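# Topology and contacts: notes
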Amino acid sequence: MAKRNKMTDEQLVTAYASGNNEAFDALLKRHQERIFNYILRIIKNEDVANDIFQETFVKAILTIKQGRYTENGKFPAWISRIAHNLIIDHFRQEKSENLQSADLNDIDILNRKELCEDTIEDILISDQIREDVKYLIKELPPLQREVLNMRYYQNLSFKEIAEITGVSINTALGRMRYAILNLRRLANEKDIVLTI
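The notes below deal with the structure included here. (Residues numbered from 1 in each chain as written. Predicted model: local features only at pLDDT ≥ 70, side-chain atom pairs only at ≥ 80, totals over all residues. Heavy atoms only, no water.)

## Looking at the packing of helix α2 (residues 9–17) against helix α4 (residues 46–65)
Going by this rule: The angle between two axes is taken between their N-to-C directions and runs from 0 to 180 degrees, where each axis is a line fitted to C-alpha atoms and a helix contributes only its stretch in contact. The helix count covers DSSP runs of H or I at least four residues long, the strand count covers runs of E at least two residues long, and both are numbered beginning at the N terminus. Roughly parallel means an angle under 35 degrees; roughly antiparallel, over 145; roughly perpendicular, 65 to 115; everything else is oblique. Take the far helix as the reference: if the near one is turned anticlockwise from it by less than a right angle, the crossing is left-handed, and if turned clockwise, right-handed. Working rule for contacts: check all heavy atoms of both residues, and any pair within 4.5 Å makes them a contact. Residue polarity is assigned by list, with Asp, Glu, Lys and Arg as charged and Ala, Val, Leu, Ile, Met, Phe, Trp, Tyr, Cys and Pro as nonpolar; anything else, Gly included, falls into the polar class.
Where α2 meets α4, the closest approach of the two axes is 9 Å, and the angle between their N-to-C directions is 70°. The orientation of α2 with respect to α4, classified from their angle, is roughly perpendicular. By crossing handedness, the relation of α2 to α4 is classed as right-handed. Two secondary-structure elements touch here, α2 through Val13, Tyr16 and Ala17 and α4 through Ile61, Ile64 and Lys65. Looking at the contact of α2 with α4 residue by residue, the classes come out as five nonpolar, no polar and one charged.

## Considerations on the nonpolar core
Rules: Here, nonpolar core refers to any group of buried Ala, Val, Leu, Ile, Met, Phe, Trp, Tyr and Cys residues whose side-chain atoms link them within 4.5 Å. Relative accessibility under 20% of the residue-type maximum defines a buried residue, over 50% an exposed one, and the middle range a partly exposed one, all with a 1.4 Å probe and only protein chains included.
Judged by nonpolar contacts, the single largest core of 32 residues is most densely connected at Ile39, Ile64, Phe75, Trp78 and Ile79. When near neighbours in sequence (up to four residues on either side) are disregarded, Phe75 contacts Asp9, Glu10, Val13, Leu27, His31, Ile64 and Tyr69. With 16 residues, the next largest nonpolar core counts Leu140, Ile161, Met176 and Ile192 among its residues.

## Thoughts on the side chain of Gln128
As for its position among the elements, Gln128 is in helix α6 (residues 120–138). Each residue touching Gln128, except ones within four places of it in the same chain, is listed here: Arg81, His84 and Ile88.

## Thoughts on empty space enclosed by the protein
Put simply, the rule reads: We place a 1 Å grid over just the protein atoms. Points where a 1.4 Å probe fits but has no way out form a cavity, open points with protein on both sides within 12 Å along at least 5 of 7 lines form a pocket, and any residue with an atom within 4 Å of a point lines it. Grid points are joined across faces, edges and corners, and a volume is the space filled by probe spheres set on the points.
Across all of its chains, the model carries one cavity of 30 Å³ or more by this definition. In this model, the largest cavity occupies a volume close to 40 Å³. As for the largest cavity, its lining consists of Ile42, His84, Ile87, Ile88, Phe91, Leu124 and Ile125. Among the elements of the structure, α5 (75–98) and α6 are those that each provide at least two residues to the lining of the largest cavity. With four residues, α5 is the largest single contributor of residues to the lining of the largest cavity. Its residues placed into classes, the lining of the largest cavity shows six nonpolar, one polar and no charged.

## Describing the layout of surface pockets
Taken as a whole, the largest pocket spans an internal volume of roughly 620 Å³. Forming the walls of the largest pocket are 20 residues, and the residues nearest its centre are Asn72, Trp78, Arg81, Tyr135 and Lys190. Every element with two or more residues in the lining of the largest pocket is listed here: α4, α5, α6 and α9 (169–189). Its residues assigned to classes, the lining of the largest pocket shows six nonpolar, six polar and eight charged.

## A look at a negative patch on the surface
Short version of the rule: Within the patch definition used here, like charges are joined within 9 Å and nonpolar side chains (Val, Leu, Ile, Met, Phe, Trp, Tyr) within 5 Å, considering only residues with over 30% relative accessible area and no salt bridge. Accessible surface area values rest on a Shrake-Rupley calculation with a 1.4 Å probe, where residue burial reflects the displayed protein chains alone. Any Lys or Arg side-chain nitrogen found within 4 Å of a carboxyl oxygen on Asp or Glu counts as a salt bridge. For this count, His and the chain ends are skipped, Lys and Arg are scored as positive, and Asp and Glu as negative. By convention, the point assigned to a charge is CZ for Arg, NZ for Lys, CD for Glu and CG for Asp.
Together, Glu46, Asp47, Asp51 and Glu55 make up a region of like negative charge exposed at the surface. Examined against the element boundaries, Glu46 turns out to sit in helix α4.

## A word on the pattern of salt bridges
Under the definition given, this model contains four salt bridges. Across the salt bridge formed by Arg30 and Asp9, the nearest N and O atoms sit 2.7 Å from each other. Of this pair, Arg30 sits in helix α3 (residues 21–43) while Asp9 sits in helix α2, placing them 21 residues apart in sequence. Since its relative accessible area comes to 12%, Asp9 is described here as buried. Of the charged contacts, one joins Asp89 and Arg92 as a salt bridge, the two residues approaching to 3.5 Å between their closest N and O atoms. Taken as a pair, Asp89 and Arg92 lie in helix α5 at a separation of three residues, close to a single helical turn. Taking the relative accessible area as the measure of exposure, Asp89 reaches 32% and is therefore partly exposed. Arg92 sits in the buried class, given a relative accessible area of 16%.

## With respect to unusual backbone geometry
Not every positive phi belongs to a glycine, and Lys44 is a case in point at roughly 60°. Summarising the element assignment, Lys44 is placed in the loop between α3 and α4. According to the relative accessible area criterion, Lys44 is exposed, its value standing at 69%. Residue Asn155 is not a glycine yet carries a positive backbone phi of 55°. Inspection of the secondary structure assignment puts Asn155 in the loop between α7 (142–153) and α8 (158–165). Under the relative-accessibility criterion, Asn155 is labelled exposed at 63%.

Everything listed here is a matter of geometry and, on its own, says nothing about what the molecule does.
Okay, structure coming up:
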């Protein structure tokens with residue numbers, strides 16, 4: 001066991017993927033307190049936090065066993081991302097259940113989500129989505145990142161983008177198309193949800 005305590009997270013993941021179940025036990029022991037406290041701090045309900053905590057590590061197990069974990073030296077960030085996405089899923093599900101009318105025979109035209117004020121969960125989710133998008137944009141090739149920034153953050157037209165970058169409008173449009181496709185692919189690969 002002392003030997004496993006000296007192994008890096010990535011070495012433990014590799015050992016677990018190769019069939020060493022004790023390696024995952026070591027990972028769990030190493031990160032469980034931090035992850036659980038993170039979930040509990042946001043959820044503020046110990047039973048729900050326990051459920052999300054367990055689901056986090058089940059999802060990690062499945063991802064590693066299916067060979068979909070990409071080693072990048074950032075296991076703590078990866079496991080935190082899984083927990084965070086599950087927290088967001090929990091709030092989405094809770095919100096969807098709360099929006100259903102209690103009286104099905106009497107439809108209240110004012111009982112509509114767009115008329116409601118944002119909750120703290122809405123704000124948390126929106127902030128996280130913005131952070132996730134910024135993170136994914138940094139992963140794009142420079143030319144695609146440039147067009148995307150000019151279009152969405154500087155509100156430039158494709159004609160203006162083409163003039164500034166010295167390319168045709170079709171090239172600018174093509175770069176934008178590939179940027180969006182790459183963002184979707186990266187979000188999928190990194191298991192990031194970009195919708196509320």
